[in-house]
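Residue strings, one per chain:
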Amino acid sequence: MKLLSVVGARPQFVKLAPIDHAARAAGVDHVIVHTGQHYDPMLSDVFFDDLGIAEPDVHLGVGSGSHGVQTGAMLSALDAVVDAQRPDWVLVYGDTNSTLAAALSAVKLHVPVAHLEAGLRSFNRRMPEEINRVLTDHAADLLLAPTQVAVDHLADEGLVERTVLVGDVMTDVLFQVRDQVAGKPSPLVAELGLTPGEHYVSTIHRAENTDDPERLAAIATGLGGLDKPVVLLAHPRVIAKASAHGIELTQGSLIAHAPLAYPDLIAAMLGSAGVVTDSGGLQKEAFLLRVPCTTVREETEWVETVELGWNVLANTAGEIAAATARPRPDETDAAPYGDGHAAARVISELQVRA
Ligand code: UD1
């Protein structure tokens, strides 16, 4: 079987790692295409190096732009690649502009498309990711759902016949890296001279939190007012928006820091008092590590983390302070995100249909 993966943004490199390993173990010819959506080394190369992913076979070097410009540049570059490679499957990941562009290119060239992490919904149509997810699911031939909730959403949209529940591949990679870093000191804690267990790890980058200067300023002030140091692992988007509007990302308890490599991020979360984020990946990683999470959004796709008490949605400074100070949730052995073997299941589902 020949499989062509299209990736471009940081969370997709994390998901690609277990897929690349499982593909190689199964003797699959795996071609990796990097769109170039994320190009900073700390958002891209470091994941390939640390997670043992093969070098991309093709790099489109598309870079930044408005949604239309970025997605359109990918689309026009991908047609030639998909046509030249003619794989048995194109695999697209998650909900970024790279996902939508690749799904659209492949489906129109009549190459079968599988969508990994299908069926997630926020039901917030102002999120670019929500539009990307819905359109990708409806274009794709095979929907690889991470959770039963995702399967139910796809059934509601009439897509159940194309759907398979495989579990979440981020669980695969997280468990492996957790076991590698467990018991070792966190490099971030050492670098900043923090007391282990006495800091929060934060990431804020979503358009709905960064594009409106009032909202971003309120979040920065809220984080700065928390009871322990808050290390903001600042994505280029939040740095750019904060500097354009004169908003300080280091104030009070808030300390801005460069993004971390994946193992260092997991170590920093494991040794923390909690996570404050608007990232989908971090909400789930916090749950899997059993670190309390506070999500700075109006809704989440990962509803299981909230239902099980490990994640609380908070938007105002007061809500964020109350959520981070809450008592530790009840322990649970629930495993809504699978058993850590999702990638092998993905590869075998693709192989039986190739
Ligand atoms: C993208 C995804 C989002 C995902 C996030 C993970 C879409 C619509 N959004 O958002 O779902 O959670 O990645 O990080 O695809 N930039 C750099 N260096 C880079 C990459 C980006 O400086 O390596 C700057 C760009 O110039 C731009 C901003 O960051 O100003 C946003 O980048 P973009 O890739 O458009 O979207 P993200 O916000 O990263």
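Everything here concerns the structure above.
Predicted model, so just to flag it, every value in this text is computed and none were measured.

J.: Just checking my understanding: could you explain the sheet that holds strand 5 (residues 113-116) for this structure?
T.: Hydrogen bonds between backbone groups are what pair the strands of a sheet, and the pairing can be parallel or antiparallel. Strand order across the open sheet formed by 7 strands is 3-2-1-4-5-6-7, with parallel pairing between neighbours. Of all strands in the sheet, those with a lone pairing partner are strand 3 (58-59) and strand 7 (163-165), marking the two edges. Taken together, the 3 bridges between strand 5 and strand 6 (residues 142-145) define a ladder with parallel strand orientation. In the strand pairing of strand 6, L116 is matched with L144. In the packing of helix 16 (residues 342-353) onto the sheet, the strands contacted are strand 1 (2-7), strand 4 (89-93), strand 5, strand 6 and strand 7, and the crossing angle to strand 6 comes to about 160°.

J.: When you look at the packing of aromatic side chains in this model, what are you seeing that I'm missing?
T.: The description of an aromatic ring pair uses the distance of the two centres, along with the angle that the planes make with each other. In the structure shown here, the tally under the stated rule is 4 aromatic pairs. Aromatic pair F13 and F47: ring centres 6.5 Å apart, planes at 40°, arrangement tilted. A residue pair is termed long-range when its members are at least 10 positions apart, and F13 in helix 1 (residues 10-25) and F47 in helix 2 (residues 45-50) qualify at 34 residues. The residues F13 and F47 share a single accessibility class, namely buried.

J.: Which parts of the structure should I look at to understand the site of the ligand?
T.: Taken together, 21 residues lie around the ligand, and H38, Y39, S64, E129 and R237 are the ones closest in. At 2.8 Å from an oxygen atom of the ligand is found a side-chain nitrogen or oxygen belonging to Q37. Contact with the protein chains covers 85% of the free accessible surface of the ligand, which is 750 Å². Judged by the proximity of its atoms to the pocket grid, the ligand belongs to the largest pocket. Taken together, the elements giving at least two residues each to the shell around the ligand come down to helix 1, helix 3 (67-85), helix 5 (128-139) and helix 11 (236-244). Looking at the shell around the ligand, its residues break down into 5 nonpolar, 10 polar and 6 charged.

J.: Whenever I open this one, unusual backbone geometry confuses me. Can you help?
T.: If a residue is not glycine, its phi is most likely negative; likewise, a peptide bond is most likely trans. With a phi angle near 60°, H110 is a residue other than glycine that sits in the positive phi range. Along the chain, H110 turns up in the loop between helix 4 (97-108) and strand 5. Judged by relative accessible area, which is 70%, H110 ranks as exposed. Phi angles above zero are rare outside glycine, and E117 is one such case at about 75°.

J.: Honestly, the sheet that holds strand 12 (residues 293-295) in this entry has me stumped. Any pointers?
T.: In spatial order, the strands read 10-9-8-11-12-13; together these 6 strands make up an open sheet with parallel pairing. Each edge of the open sheet carries a strand with a single partner, namely strand 10 (254-257) and strand 13 (311-313). Neighbouring strand axes in the sheet, compared pairwise and without regard to direction, differ in orientation by 20° on average. Sheet topology places strand 8 (residues 200-203) next to strand 9 (residues 230-233); 3 bridges connect them, and they run parallel. Considered in strand 9, the bridge of V201 is made with V231.

J.: Explain the nonpolar core to me, please; I cannot follow it from the model alone.
T.: Judged by nonpolar contacts, the single largest core of 89 residues is most densely connected at I19, Y262 and M269. Ranked by residue count, the leading element in this core is helix 1, at 7 residues. Of the residues that make up this core, three or more belong to each of domain 1 (2-168 + 338-353) and domain 2 (177-324). Those residues in contact with Y262 that sit more than four places away from it in its chain are V14, F47, D50, L51, V173, L174, V177 and E285. Of all hydrophobic cores here, the second largest spans 20 residues; its members include I204, L223, I247 and V276.

J.: How should the environment of V62 be read in this particular structure?
T.: Note that V62 resides in the loop between strand 3 and helix 3. In sequence terms V62 and G119 are 57 residues apart; their C-alpha atoms lie 27 Å from each other. Apart from residues no more than four positions distant in its own chain, V62 is found in contact with T35, G36, Q70, A73 and M74.

J.: Even after reading the chapter, I still don't get the environment of T96, so can you show me in this structure?
T.: With respect to the helices and strands, T96 occurs in the loop between strand 4 and helix 4. Among the residues examined, T96 registers a relative accessible area of 12% and is labelled buried. Measuring from C-alpha to C-alpha, the distance between T96 and E129 comes to 5.8 Å, with 33 residues separating the pair along the chain. Among all residues touching T96, those that are not within four sequence positions of it are A9, Q12, Q37 and N132. Separated by 2.9 Å, the side chains of T96 and Q12 make a polar contact.

J.: Explain helix 10 (residues 213-224) here, please?
T.: The α-helix advances 3.6 residues per turn, and as a result positions three or four apart in sequence lie on the same side. Here helix 10 is 12 residues long and its end C-alpha atoms lie 16 Å apart, about the 16 Å a rise of 1.5 Å per residue gives. The complete set of buried residues in helix 10 reads L216, I219, A220, G222, L223 and G224. Put simply, D212 is the residue that caps the front of helix 10, since its side-chain oxygen is 3.1 Å from the backbone nitrogen of E214.

J.: How should I be thinking about helix 13 (residues 280-289) in this particular structure?
T.: In terms of residue burial, helix 13 counts as a mostly covered element, since 10 of its 10 residues are buried. Listed as buried for helix 13 are G280, G281, L282, Q283, K284, E285, A286, F287, L288 and L289. Capping the start of helix 13, S279 holds a side-chain oxygen 3.1 Å from the backbone nitrogen of G281, two or three residues further along. One or two steps after helix 13, the chain reaches R290, where phi turns positive at roughly 55°.

About the thresholds
Residues numbered from 1 in each chain as written. Predicted model: local features only at pLDDT ≥ 70, side-chain atom pairs only at ≥ 80, totals over all residues. Heavy atoms only, no water. Pairing = 2+ DSSP bridges. Helix = DSSP H or I, 4+ residues; strand = E, 2+ residues; numbered from the N terminus. Contact = heavy atoms within 4.5 Å. Axes fitted to C-alpha atoms, helices over the stretch in contact; angles between N-to-C directions. Phe/Tyr/Trp six-rings, centres within 6.5 Å; stacked < 30°, edge-to-face > 60°. Buried < 20%, exposed > 50% of the residue type's maximum accessible area, 1.4 Å probe, protein only. Near = heavy atom within 4 Å. Polar contact = N/O pair within 3.5 Å; in protein donor to acceptor, adjacent residues only side chain to side chain. Areas by Shrake-Rupley, 256 points an atom, 1.4 Å probe, with all protein chains shown as cover. 1 Å grid on protein atoms, 1.4 Å probe; cavity = no way out; pocket = protein on both sides within 12 Å on 5 of 7 lines; lining within 4 Å. Sits in = over half its atoms within 2 Å of the grid points. Nonpolar A, V, L, I, M, F, W, Y, C, P; charged D, E, K, R; others polar. Core = buried A, V, L, I, M, F, W, Y, C linked by side-chain atoms within 4.5 Å. Domains from an automatic or database assignment. Expected span 1.5 Å × (residues − 1).

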